[in-house]
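So the chains spell out like this:
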Amino acid sequence: MLLFYRILTLLQICPIVTARRWPLRNEVRPYRERGRAAPDSFRESYSPLSESQDIYHESYQPVATITSSEPSVTPQSSSPVSKELDATSPATTTSCTTGGPPFQNTTVLSPPATLIPSLPEEDPSSTSIMAPSAMPNDIFGTPIATSVPASYFTVRKDHPVPRKGIGGPTPIGTNKFYANFFLKNQTSPTYVHPYSVIWGHGQGSASSWGLAISHIEAHQRVYGEKSKETGAAKYFLSPVGIQSLALSALELGTQTMLTTDNLSAHSANVNLHIDPKAKPLVTFPLVQGMGFVTAVYKGGTPVISTGVYFKTVTKSLKGPKQGVTKYTLYLEDGKVWHVYAYSAKGDKFDLTVVNNKMAKAEKPFDGIVQVAKDPGNAESMIDAASGAYPIGATVSGSVSGSKGTYTLTFQKAGFSNVKLLMYALPHHVDSFDDATHKSTTPAKLQTTTKGMAVGVVADSWTMVEPHMPVSMGFAPWDPVDGEKKALKDAAIHAITPIAVNEASQDVNQQSDQNSMYFSGKALAKFAMICYTANDLLKNKTLAQNSLKNLQAAFTRFSTNKQQFPLFYETAWGGLVSSATYQTGNDGADFGNTFYNDHHFHYGYFIYAAAIIGYLDPSWLTKENVDYVNTLVRDIANPSALDKHFPVSRNFDWYHGHSWAHGLYETADGKDQESSSEDAMHAYAIKMWGKTIKDINMEARGNLMLAIIARSLNQYYLYTSENNVQPSEFVGNRVAGILFENKCDHTTYFGANTEYIQGIHMLPLLPSTKLTRPVNFVKQEWETYFDKGRADKVEGGWKGILYGNLATVDPKAAWEFFSRKDFNPMWLDGGASLTWYLAYSAGESLFLQFRSRRSLLLWTNKTPAFM
């Protein structure tokens, strides 16, 4: 999570805890294990191009072989074909162009104006409090609501971040992969996986005004220094600035303007204009996982440039299919890229190799130009997939018992009878259903931070999560044993006086902060105490008295009267803190106004509300439900039919986890720090859906949790068996901060080990045992915290670590939290001793009861709060 200005003291830290004991046999496993190779076979190193490959094989004609590596970027006039070229001598192809009549069975090449259905004018008073009684087939099909946000949210038409070059209406995905194209100078990379793209802006190694394309191999990674403690690299990243190819037009230059449109959850169009007054000359439809980078030319003269230098350029004499022209570019780094061109108008596509950095078409072109990197022995597959390209993607899903199924359906243009080549990440491949698995290919390309991507030739993918946590409620939970709501009498007697003490604290004061994040954590803490008292300690009187105070404190926020009320701003479309508007500080509340961390901030409120509504159904008035639903809509709107919030602002259904990074430009793409708070927000949505009987919302929460558990244990949380992330890095056990382009074993607020590991532990929830399996917790504890090392940690982080220990050793965790000299300074401001003890007691198969007297001594101490 992007937390500029996140400087936290040991008394004011953002954690809670996670813990659990999960038998190895119950760790997240591939959905399909029968009748196919082990999933590891899809993540092994791909085979490089065979050294014996003959670039002059039948049906290919050499266009140019570049012998000099001296760059020259000045186009020169054509001269006769020359097999041997120096850096400045141009070359032309023979007239063997395969441009011809288009396929009859084709679709329009340009992307449609919009992929989002329009809605009639809505009734502002209409809102959906409860979902329909019967769940439709698609759990994403029904919007939570379509009404404007409540009138107590001040409407602002302005926002501190300008909408640069954006065409089309709001809402806009602020935390999506394409955001760098409308932030600052629009010149930071965008990561579509496995490629990254960047607007050249006349700079960089390719010196292009078009879209530069990069793909980084594993051997090109950069590693940080090794940790003295673990021997693991402190970070790894893919170098930025290697521009293998760039697609541009001869007409583009210093007046070029970049715009974006058709911005959706998984796709966007990037348009390049000759000048601000001109229509787009070239459009690049970008979709996560795309196998080709496709440029739609509208009368521009194509130019292909490289920052790596051409070594040899060949042209297919026959072409891969009717009407498609093909070139193959052999670069000086030994890599091979294929170029395909097609014009529905029959325009010819003849390239002239100007020098070892540039090739240009002979005349303007209306049609598509596609480039794809050959991972080795995949040329025929890439040929077959040419001519079609994705222009968008939608998510649909259904549930049946504990089995959840979700499908990514790709909208496409180009040849309608050609299936798309897309690249799937490891967690996709592990959960493919039978039909999708049959569409996988041997082609593999390295991604920046998600292991090896596998080529899939299909227009949709279906993934299955067979073990969603449908039995999980508010009580301590285990993937095998389910809920643990019955505590031993000894544990109840020991915990009750602690609960009485903590319930008497002033929830109104503790939640009255200038931060939605810390306020939400305080409310969630007291909600846990109320639930524990009611269901686990069986003390209804204590629970109800505490609940009244919690409800009163929550009212400050449900009426939007907190220190920095939320605004509904229409420039981007969302609920934001007014803090930056009022103070001018763009880092206020960790950048909430800039859409940082919304799923963390609002997740705590949603979780607290779920418990309040569970304990007191009369609290679920239209006003309260609408307020909480509006928070859910901001972070996890399921449907484009809701015109006030973008679809799935935070959770990325391609990556399998959320992005916390909002409207800040960065060279390494979006990022997220706290994987456990990501899981918290999904759990909160699940439980709020259950409380209000919105079965679609509950189902989405269950599905998100299952996907998060799968993806975190490949990309974020590492056992020694992890073979997705680099072996040089997995010894860190956690990612630290996971960016689209790098993993950095640190935090935004300090480099202490307990910070880095602990930020992935908090808060301790029933879902903790789902996302942090026992084998991982055991290895992490042995790496950093065993043999007394955890006892040397100061402040609330100590409690976080021991709560985490309950996963593998609940008895030791109980003994720590029940010790007579327990220091309340060891509690994070969002955690309670009541919940830690109840959780540890629920996890423990045996519990040695310590005298009530030793625990009662604690009640006379004054805890520290944030």
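Calculation rules
- Residues numbered from 1 in each chain as written.
- Predicted model: local features only at pLDDT ≥ 70, side-chain atom pairs only at ≥ 80, totals over all residues.
- Heavy atoms only, no water.
- Helix = DSSP H or I, 4+ residues; strand = E, 2+ residues; numbered from the N terminus.
- Buried < 20%, exposed > 50% of the residue type's maximum accessible area, 1.4 Å probe, protein only.
- Areas by Shrake-Rupley, 256 points an atom, 1.4 Å probe, with all protein chains shown as cover.
- Pairing = 2+ DSSP bridges.
- Axes fitted to C-alpha atoms, helices over the stretch in contact; angles between N-to-C directions.
- Contact = heavy atoms within 4.5 Å.
- Core = buried A, V, L, I, M, F, W, Y, C linked by side-chain atoms within 4.5 Å.
- Expected span 1.5 Å × (residues − 1).
- Parallel < 35°, antiparallel > 145°, perpendicular 65-115°, else oblique.
- Left-handed = near helix turned anticlockwise from the far one by under 90°.
- Nonpolar A, V, L, I, M, F, W, Y, C, P; charged D, E, K, R; others polar.
- Phe/Tyr/Trp six-rings, centres within 6.5 Å; stacked < 30°, edge-to-face > 60°.
- Lys NZ or Arg CZ within 6 Å of the ring centre and 35° of its normal.
- pLDDT = per-residue confidence, 0-100.
- Salt bridge = Lys/Arg side-chain N within 4 Å of Asp/Glu carboxyl O.

> Sorry, what's going on with the overall build of the protein chain here?
Secondary structure assignment for the protein chain yields 19 helices and 36 strands. The 866 residues of the protein chain split such that 66% are buried. Approximately 28,600 Å² of the protein chain is accessible, and the part contributed by carbon and sulfur atoms is 52%.

> Before we go on, may I ask you to explain the sheet that holds strand S22 (residues 388-400) in this structure?
Backbone hydrogen bonds hold the strands of a sheet together, and the pairing may be parallel or antiparallel. The strand order across the open sheet built from three strands is S22-S23-S27, with neighbouring strands paired in antiparallel fashion. Of all the strands in the sheet, the pair left with one neighbour each is S22 and strand S27 (460-465). Across the sheet, the axes of successive neighbouring strands diverge by a mean angle of 15°, strand direction being ignored. Across 12 bridges, the pairing between S22 and strand S23 (residues 403-414) is antiparallel. Residue pairing in the sheet places Ala-388 in a bridge with Gly-414 of S23. Set on the sheet, helix H12 (residues 695-715) makes contact with S22, S23 and S27; between it and S27 the angle comes to about 90°.

> What exactly am I supposed to notice about the pairing of strand S19 (residues 351-355) here?
Looking down a regular strand, the side chains alternate between one sheet face and the other. In terms of burial, S19 is a largely internal element, five of the five residues being buried. Sheet analysis places S19 next to strand S20 (residues 358-361), joined by four bridges and oriented antiparallel. Across the sheet, Asn-355 pairs through a bridge with Met-358, a residue of S20. The loop that links S19 with its antiparallel partner S20 comprises two residues.

> Please explain the nonpolar core as it appears in this structure.
Of all hydrophobic cores here, the largest spans 236 residues; its most connected members are Phe-182, Leu-247, Leu-286, Trp-461, Phe-554 and Trp-688. For this core, the leading source of residues is helix H6 (residues 516-536), giving 13 residues. Once residues within four sequence positions are removed from consideration, Leu-286 is found in contact with Phe-177, Phe-181, Val-192, Val-197, Leu-211, His-266, Ser-267, Ala-268 and Val-270.

> When you look at the pairing of strand S26 (residues 452-457) in this model, what are you seeing that I'm missing?
Burial analysis of S26 places five of its six residues in the buried class, the great majority of the element. Note: strand S24 (residues 421-424) against S26, four bridges, orientation antiparallel. Looking across to S26, one finds that Met-422 is bridged to Val-456. Alignment of strand S25 (residues 440-446) against S26, held across four bridges, turns out to be antiparallel. Across the sheet, Lys-444 pairs through a bridge with Val-454, a residue of S26. Count of turn residues in the S25/S26 antiparallel hairpin: five residues, of which Gly-451 carries a positive phi of about 75°.

> Would you explain the side chain of Ser-648 in this entry?
With respect to the helices, strands and loops of the structure, Ser-648 is situated in the loop between helix H10 (622-636) and strand S32 (651-652). Residue classification places Ser-648 among the buried residues on the basis of a relative accessible area of 6%. Beyond its immediate sequence surroundings of up to four residues, Ser-648 is in contact with Lys-176, Ile-635, Ala-636, Asn-637 and Trp-653.

> How do you make sense of helix H7 (residues 540-558) when you look at a structure like this?
When the terminal C-alpha atoms of H7 are compared, their 25 Å separation across 19 residues agrees well with the 27 Å that a helix rising 1.5 Å per residue should span. Along H7, the residues classified as buried are Leu-542, Ala-543, Ser-546, Leu-547, Leu-550, Gln-551, Ala-553, Phe-554, Arg-556, Phe-557 and Ser-558. Where the residues of H7 are buried, they touch helix H4 (489-503), helix H5 (507-511), H6, helix H9 (598-615) and H10. Once H7 ends, the next one or two residues include Asn-560, with phi positive near 60°.

> For this particular structure, what's the right way to read the packing of H6 against H9?
Relative orientation and spacing of two packed helices are given, respectively, by the angle between their axes and the distance between those axes. The N-to-C vectors of H6 and H9 enclose an angle of 25°; their axes lie 8 Å apart at closest approach. Between H6 and H9, the angle falls in the class roughly parallel. When you trace H6 past H9, the crossing you get is left-handed. Among the residues making up the contact of H6 with H9, the classes are represented as 17 nonpolar, four polar and two charged.

> Which parts of the structure should I look at to understand the packing of aromatic side chains?
One pass over the full model with this rule turns up 48 aromatic pairs. Aromatic side chains Phe-554 and Tyr-627 sit 6.0 Å apart centroid to centroid with 90° between the ring planes, which places their arrangement in the edge-to-face category. Of this pair, Phe-554 sits in helix H7 while Tyr-627 sits in helix H10, and the two are 73 residues apart along the sequence. Ring centres 5.6 Å apart and planes at 75° place the aromatic pair Phe-816 and Phe-822 in the edge-to-face group. No difference in accessibility class separates Phe-816 from Phe-822, as the two residues are buried. Among the aromatic side chains, those forming a connected cluster through ring pairs are Trp-781, Tyr-784, Phe-785, Tyr-802, Phe-816, Phe-817, Phe-822, Trp-826 and Tyr-836. For Lys-450, the ring lying beneath its charged end belongs to Tyr-715, and the centroid distance is 5.0 Å. Across the ring face of Phe-739, the terminal group of Lys-742 is positioned such that the distance to the ring centre comes to 4.8 Å.

> Help me understand unusual backbone geometry in this model?
With glycine set apart, most residues show a phi of negative sign, and most peptide bonds adopt trans. Going from Thr-170 to Pro-171, the amide bond is cis rather than trans, its omega being 0°. Here Pro-171 lies in the loop between strand S4 (154-156) and strand S5 (190-191). The omega angle of the peptide bond from His-193 to Pro-194 is 10°, so this bond is cis rather than trans. With respect to the helices, strands and loops of the structure, Pro-194 is situated in the loop between S5 and strand S6 (196-199). Positive phi is not limited to glycine here, since Lys-184 has a value of about 50°. Judged by its relative accessible area of 60%, Lys-184 falls in the exposed class. We note that Gln-186 has phi near 65°; this positive angle belongs to a residue other than glycine. Here Gln-186 is to be found in the loop between S4 and S5.

> Got a minute to help me understand the confidence of the model for the protein chain in this structure?
Caution is warranted with low-pLDDT regions, since their predicted coordinates should not be read in detail. Looking at the protein chain as a whole, its pLDDT mean stands at 86, while 82% of the residues score no less than 70. pLDDT under 50 marks residues 1-26. Its contacts with residues more than four places away, or in other chains, come to 152 contacts. Scored below 50 in pLDDT, residues 34-59 makes 57 contacts in the model with residues more than four places away or belonging to other chains.

> Can you help me understand the sheet that holds strand S36 (residues 742-744) in this one?
In spatial order, the strands read S8-S9-S36-S35-S34; together these five strands make up an open sheet with antiparallel pairing. Of all strands in the sheet, those bounded by a partner on one side alone are strand S8 (222-223) and strand S34 (671-672). The pairing of strand S35 (residues 737-739) with S36 spans two bridges and is antiparallel. For Leu-738, the partnering residue across the bridge sits in S36 and is Cys-743.

> Is there a simple way to explain the pattern of salt bridges in this structure?
Pairs can form between side chains of opposite charge once their charged atoms are near each other. Within the structure shown, the criterion is met by 24 salt bridges. One salt bridge in this structure joins Glu-379 and Lys-326, with 2.5 Å as the shortest N-O distance. On the criterion of sequence distance, the pair formed by Glu-379 in helix H1 (residues 379-385) and Lys-326 in strand S17 (residues 324-331) is long-range, its members being 53 residues apart. Put simply, Lys-742 and Asp-668 hold a salt bridge, and the shortest N to O gap is 3.4 Å.

> I tried to follow helix H15 (residues 774-784) on my own but got confused; where do I start?
Residues lying three or four places apart along an α-helix face the same way, a consequence of the helix completing one turn every 3.6 residues. Summarising burial for H15: nine of the 11 residues are buried, a large majority. Those residues of H15 lying buried are Val-774, Asn-775, Phe-776, Val-777, Gln-779, Glu-780, Trp-781, Thr-783 and Tyr-784. Buried residues in H15 make contact with helix H13 (753-758) and helix H16 (796-805).

> How should the packing of H9 against helix H11 (residues 675-691) be read in this particular structure?
Viewed as axis vectors pointing N to C, H9 and H11 meet at an angle of 30°, and their least axial separation amounts to 8 Å. Crossing angle aside, the handedness with which H9 passes H11 is left-handed. Contact residues: H9 offers His-599, Phe-600, Gly-603, Tyr-604, Ile-606, Tyr-607, Ala-609, Ala-610, Gly-613 and Tyr-614, while H11 offers Glu-677, Asp-678, Met-680, His-681, Tyr-683, Ala-684, Ile-685, Met-687, Trp-688 and Thr-691. Looking at the contact of H9 with H11 residue by residue, the classes come out as 13 nonpolar, five polar and two charged.

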